[in-house]
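So you can see what is in the structure, the chains are spelled out below.
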Amino acid sequence: MSSNDTILTMENITKTFGPVKALTDVNLSVDRGEIHAICGENGAGKSTLMNVLSGVYPYGSYSGKITFDGKECKYHTINDSEADGIVIIHQELALSPFLSIAENIFIGNEQAKGGVIDWDKTRAEAKKLLDRVGLPEDPDTKVMDIGVGKQQLVEIAKALSKDVKLLILDEPTAALNDEDSAHLLDLVRQLRDEQGVTSIIITHKLNEVAAIADNVTIIRDGSTVGVMYVTPETPLDQEELIRKMVGRPLHNLYPNHPSNTPGEEYLRVEDWTVHHPLDAERVIVDLT
Ligand SMILES: Nc1ncnc2c1ncn2[C@@H]1O[C@H](COP(=O)(O)OP(=O)(O)O)[C@@H](O)[C@H]1O
Ligand SMILES: [Mg+2]
């Protein structure tokens, strides 16, 4: 593709946390209107790269150059990147459970008239956004009363309210069941096809990468190790992708560790019960 079609380039991004070098000269190029997957093992640096992009780690705290929509970016906060249409949805959802769906969508961006929140407008606009993400839910419903799949859709509705140009989804389906995951991926595809929204999606689920990505950037140990192009004629070679991610042949995917003989008991947990933080009736872990 010609460079005119590039919406984002990240060049030679290096980021350290004290002695830890999380990213070393990472390069990423994303085409306008594509779904770009970023793959890599846990700790490879995927989330750090997206936090650099979105201003969570401000300009000056990393080295390298970011260009978005033809302009060099020097973001100091996440508000700066959002003003350019870059919206990141983090691994840990950031909604307020005790507020309604509508309040969550417009928090920090209140629909006001003469300095007073216009609740009719807030609800009506929220309803329109919920329609766009395919969530038939009352805008007054509290976020704690809907499942995590629906919460993810509320996050996307919120992104749409900000005129998103680049949507970043960090492991969006990790906590979702198959049905909710499929709905979410359909929505990302629909945003691309109908509204030209560019997405970056981080996921460990290689079948999802194969199903949705136009291009894949692979990161290993804080470095870019390759880009794979996916077209209908050349579907994703998942084995090749895994090889690049882990950097060793597949037959060695689970290498033996030399000292794996168990020693004496080190930790014992008994009669352990954990309740849901928002719903005391619900037991999440029950080892009794
Ligand atoms: N805030 C932080 N402080 C120190 N080290 C960090 C911090 N965030 C990430 N790291 C380290 O940077 C590396 C990359 O982490 P991360 O970007 O979260 O990886 P991924 O999202 O690919 O799993 C890891 O070694 C991680 O321990
Ligand atoms: Mg991560």
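Everything numeric here is computed off the predicted structure, so don't read it as measured data.

Caption draft 1: Highlighting the site of ligand 1. Around ligand 1 sit Phe17, Ala22, Glu41, Asn42, Gly43, Ala44, Gly45, Lys46, Ser47, Thr48 and Tyr57, and those are all the residues in its vicinity. Ala44 is positioned such that a nitrogen or oxygen atom in its backbone is 3.2 Å from an oxygen atom of ligand 1. Between ligand 1 and the protein, one listed contact pairs an oxygen atom with a side-chain N or O atom of Ser47 at 2.9 Å. When ligand 1 is considered free in solution it has 560 Å² of accessible area, and contact with the protein chains removes 61% of it. Element by element, the count of residues in the shell around ligand 1 is highest for helix 1 (residues 46-53), at 3 residues. By residue class, the composition of the shell around ligand 1 is 4 nonpolar, 5 polar and 2 charged.

Caption draft 2: Representation of a nonpolar patch on the surface in the model. On the surface, a nonpolar cluster with roughly 660 Å² of combined accessible area is contributed by Tyr266, Leu267, Val269, Trp272 and Leu287. Here Leu267 is to be found in the loop between helix 8 (238-246) and strand 13 (273-275).

Caption draft 3: The packing of helix 4 (residues 119-132) against helix 5 (residues 148-161), seen in detail. Relative orientation of the contacting elements helix 4 and helix 5 amounts to 115°, with a least axis distance of 9 Å. Seen from above, helix 4 lies across helix 5 with right-handed handedness. Contact residues: helix 4 offers Leu129, Leu130 and Arg132, while helix 5 offers Ala157, Leu160 and Ser161. Across the contact of helix 4 with helix 5, the residue classes tally to 4 nonpolar, 1 polar and 1 charged.

Caption draft 4: The environment of Leu135, seen in detail. When you line up the elements, Leu135 lands in the loop between helix 4 and helix 5. Given the relative accessible area of 3%, Leu135 is considered buried. Each C-alpha atom of the pair Leu135 and Val148 lies 13 Å from the other, and the pair is 13 residues apart in sequence. Look past the residues within four positions of Leu135 in its chain and what remains in contact with it is Leu130, Lys150, Leu153 and Val154.

Caption draft 5: Just the side chain of Ser199, in detail. One can find Ser199 in strand 10 (residues 198-202). When near neighbours in sequence (up to four residues on either side) are disregarded, Ser199 contacts Glu34, Ile35, His36, Leu166, Leu167 and Val188.

Caption draft 6: Layout of the packing of aromatic side chains. Inspection of every chain in the model, using the stated rule, returns 2 aromatic pairs. Summarising the aromatic geometry, the rings of Phe17 and Tyr57 are spaced 5.4 Å apart at their centres and angled 75° between planes, so their arrangement reads as edge-to-face. Within this pair, whereas Phe17 is found in strand 1 (residues 6-17), its partner Tyr57 is found in the loop between helix 1 and strand 4 (63-68), the two being separated by 40 residues in sequence. By relative accessible area, Tyr57 is classed as partly exposed at 22%. Measuring from centroid to centroid gives 6.2 Å for Tyr59 and Tyr62, while their planes differ by 80°, and the two rings are edge-to-face.

Caption draft 7: The arrangement of the pairing of strand 11 (residues 215-220) in detail. Of all 6 residues in strand 11, 5 are buried; the element is thus mostly enclosed. Across 4 bridges, the pairing between strand 3 (residues 35-39) and strand 11 is parallel. Each bridged residue has a counterpart across the sheet, and for His36 the counterpart in strand 11 is Asn215. Pairing of strand 11 with strand 12 (residues 223-229) involves 6 bridges; the strand directions are antiparallel. Bridging across to strand 12, Val216 finds its partner in Met228. The loop that links strand 11 with its antiparallel partner strand 12 comprises 2 residues; one of these, Asp221, has a positive phi angle of about 50°.

Caption draft 8: Representation of the sheet that holds strand 10 within the structure. If you walk across this open sheet you meet the 6 strands as 6-9-10-3-11-12, and the pairing is mixed. Each edge of the sheet is formed by a strand with only one pairing partner; in this case those strands are strand 6 (86-89) and strand 12. Across this sheet, the average inter-strand angle for adjacent strands is 20°, counted without regard to direction. Along the sheet, helix 1 contacts strand 3, strand 6, strand 9 (166-170), strand 10 and strand 11; its crossing angle with strand 10, the most-contacted strand, is approximately 150°. Here helix 8 sits on the sheet and contacts strand 3, strand 11 and strand 12; the angle it forms with strand 11, its principal contact strand, is near 30°.

So, how was this worked out
- Residues numbered from 1 in each chain as written.
- Chains lettered and ligands numbered in written order.
- Predicted model: local features only at pLDDT ≥ 70, side-chain atom pairs only at ≥ 80, totals over all residues.
- Heavy atoms only, no water.
- Near = heavy atom within 4 Å.
- Polar contact = N/O pair within 3.5 Å; in protein donor to acceptor, adjacent residues only side chain to side chain.
- Areas by Shrake-Rupley, 256 points an atom, 1.4 Å probe, with all protein chains shown as cover.
- Helix = DSSP H or I, 4+ residues; strand = E, 2+ residues; numbered from the N terminus.
- Nonpolar A, V, L, I, M, F, W, Y, C, P; charged D, E, K, R; others polar.
- Patch = residues over 30% accessible without salt bridge, like charges linked within 9 Å, V, L, I, M, F, W, Y side chains within 5 Å.
- Salt bridge = Lys/Arg side-chain N within 4 Å of Asp/Glu carboxyl O.
- Axes fitted to C-alpha atoms, helices over the stretch in contact; angles between N-to-C directions.
- Left-handed = near helix turned anticlockwise from the far one by under 90°.
- Contact = heavy atoms within 4.5 Å.
- Buried < 20%, exposed > 50% of the residue type's maximum accessible area, 1.4 Å probe, protein only.
- Phe/Tyr/Trp six-rings, centres within 6.5 Å; stacked < 30°, edge-to-face > 60°.
- Pairing = 2+ DSSP bridges.

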